[in-house]
Amino acid sequence: MENTNDMKKIILLLVVLISFFNVKASHLLGGEITWQCLKSGPNQGEYIFTMKLYRDCDGITLSTFAEVLDMWGAGAPVTTITLDFDTAIDISPSCDVANSGYPALDCVNNPVGAVEEYIYISQPIALPGIPPAAGWHFTWSSCCRPPAVVNLTNPSSAGYTLRASMYSYFVNGLQVPTGPCFDSSPIFNESPNTIICTGYPFAYSHNASDPELDSITYQWAEPLDDFFGAYNPPTTPTTLPFVGPYTYTSPIPSISTGGVQLDPITGEISYHSNISGTFATTISVRAYKCGQLVAEIFRDIPVVLINCGAMASGGPNNPPTVTAPVGSQTWTQTMGSSGLPSYSTTINAGTLVTFDINGADSDLYTGSIPQDLTMEISGGQMSPCNNPPCATFTDVNGNPSPISAPSLVSGVFSWQTDCAQVMSAAGCGATTNVFTFLIKVYDDFCPANAIRIATITITVLPALTQPAPLFQCVTESSAGNVSVNWDHHLGANNTTIYHIYGADNISGPYTLIT
């Protein structure tokens, strides 16, 4: 009889533990994994890994103890990487409770729908070796997804596997070892926009960039379940099935022609939804060095669409308007499927890019009180950046962003480009010369700000003229062979091709020798 009671206690304890962990994990919203290659300092040549987790604040907090990444792939030098807890940040929208008449979302006072970001960072770690063609993979798994997700089958019984991948790289036919490191993964410059009002055209971007100016592309990816055993997708873990009409390439409802759209170059996601709900999405960013895939990161995060309340006038809270950039460059406007524009220009290295841009909102609170607007910018070339000269963004008085004012905000963008934006340490001349900046204007309506973005793309071509090479000497051998020695000018594009012309006298005519 005692044994039976003891067994009942054990079973009860297991049920309680399982229920506890499911409740804890069901408030997990998603996350991402990235890494940095240390190029200087005492740990030069080693890696630092960062994982960000996002949680719904309507539940218990995530762990502030260390988390562990698993490393997979032939020849992997380690099996796990420990990440220490760094910080937790409430990234819920900030808004005007008194004038909007609705409560703000925050993790302390109104946690339902509020979002908190947890950051975990590893100590520097060496990863000597050579990744196989299939790559090395870094994963973290947990159960469960929020039961409110409407585009996945049985979401509450589905888990998460966050992942990032590092691939092999060849120079002149020889594979480059990963120790010392030579490549950082792309990073996301925008926090996820997780809470958005329905009823108007919307566009946003995770706005990734690569520290080494590797070319990047965006694509939808399949969300993965949690798993036990060896990492071997889509067997372990399995991909998660979507509820029709949703798919992993069309995960958000949209009445726009063609549905939700993802720009593979800028990463802009555009749609127009009248349907509220929580929708699972996964974005992949791939980095190519000299045309070779070297890294892939993923952000697995739901989009929460809500029916926001009306203004005191009874009408909807409208998003701000954002003007086209006005400056010394010529800008091309491209309309997305949701009817929202993006802007692009092409310049030569050495050009100073400057423009003014405005955001406006005519919505008024009770008593004709205007809404406060905020203008922000993100992008890999914003100061401080890895490839200076860096771009700056200020108000008209020179104060750095974010820029805030009632009804109307104005920003001034300035970027003195040079050959650093078309050069590559790899020397192949195939790194990116396309730079994307995201200018975001949002109001202070509760519980979710109305947002409008302007995606700005600047393509930097080589300078029209290159600096002359630095001649060292000219010598002639006893056999009559002439040797010409010069140094590549530091300010010249490293893809510059040199030709030598010769003539019998200084007046010419000159003919091509080599």
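You'll find the structure just up there.
Residues numbered from 1 in each chain as written. Predicted model: local features only at pLDDT ≥ 70, side-chain atom pairs only at ≥ 80, totals over all residues. Heavy atoms only, no water.

**Focus on the environment of D300**
Consideration 1: When you line up the elements, D300 lands in strand β19 (residues 292-300).
Consideration 2: D300 sits in the buried class, given a relative accessible area of 3%.
Consideration 3: Apart from the residues lying within four places of it in its own chain, the contact partners of D300 are L29, G30, G31, R145, Y160, L162, P223, T281 and T282.
Consideration 4: Separated by 2.7 Å, the side chains of D300 and R145 make a polar contact. (Helix = DSSP H or I, 4+ residues; strand = E, 2+ residues; numbered from the N terminus. Buried < 20%, exposed > 50% of the residue type's maximum accessible area, 1.4 Å probe, protein only. Contact = heavy atoms within 4.5 Å. Polar contact = N/O pair within 3.5 Å; in protein donor to acceptor, adjacent residues only side chain to side chain.)

**Structural notes on the nonpolar core**
Consideration 1: Core analysis: the largest hydrophobic core is formed by 75 residues, its most contacted members being F49, M51, L53, F138 and Y271.
Consideration 2: The contact partners of M51, leaving out residues within four places of it in the chain, are E32, I33, E67, L69, L83, Y118, I119, Y120, W140 and L162.
Consideration 3: In terms of nonpolar packing, the next biggest core, distinct from the first, is built from 30 residues, F355, W415, I439 and V460 among them. (Core = buried A, V, L, I, M, F, W, Y, C linked by side-chain atoms within 4.5 Å.)

**A look at the state of the cysteines**
Consideration 1: Under the defined criterion, the tally for this structure stands at six disulfides.
Consideration 2: Disulfide pairing is shown between C95 and C446; the S-S distance is 2.0 Å. One disulfide, between C95 and C446, carries an S-S torsion of 105° and so falls in the right-handed class. You can see C95 sitting in the loop between β4 (80-90) and α2 (97-100) and its partner C446 sitting in the loop between β32 (434-442) and β33 (451-461), a full 351 residues away along the chain.
Consideration 3: In this structure C446 comes out as buried when scored by relative accessible area, which is 0%.
Consideration 4: Residue pairing for C197: its cysteine sulfur links by disulfide to C308, the two sulfurs lying 1.8 Å apart. On the sign convention where negative means left-handed, the S-S torsion of about -80° between C197 and C308 marks this disulfide as left-handed. In this pair, C197 is assigned in strand β11 (residues 195-197) and C308 in the loop between β20 (303-306) and β21 (321-322), connecting sequence segments 111 residues apart.
Consideration 5: Taking relative accessible area as the criterion, C197 reaches 8% and is therefore assigned buried.
Consideration 6: Given a relative accessible area of 22%, C308 falls into the partly exposed group. (Disulfide = S-S within 2.5 Å.)

**Thoughts on the sheet that holds strand β30 (residues 403-406)**
Consideration 1: Strand order in the open sheet made by the six strands is β23-β24-β33-β32-β28-β30, with mixed pairing throughout. The two strands at the open ends of the sheet, each matched to only one other strand, are β23 (332-335) and β30. Strand-to-strand, the axes of this sheet are offset by a mean angle of 20°, without reference to chain direction.
Consideration 2: Two elements, β32 and β33, share nine bridges in a ladder whose sense is antiparallel. Bridged to K440 within β33 is I453. (Pairing = 2+ DSSP bridges. Axes fitted to C-alpha atoms, helices over the stretch in contact; angles between N-to-C directions.)

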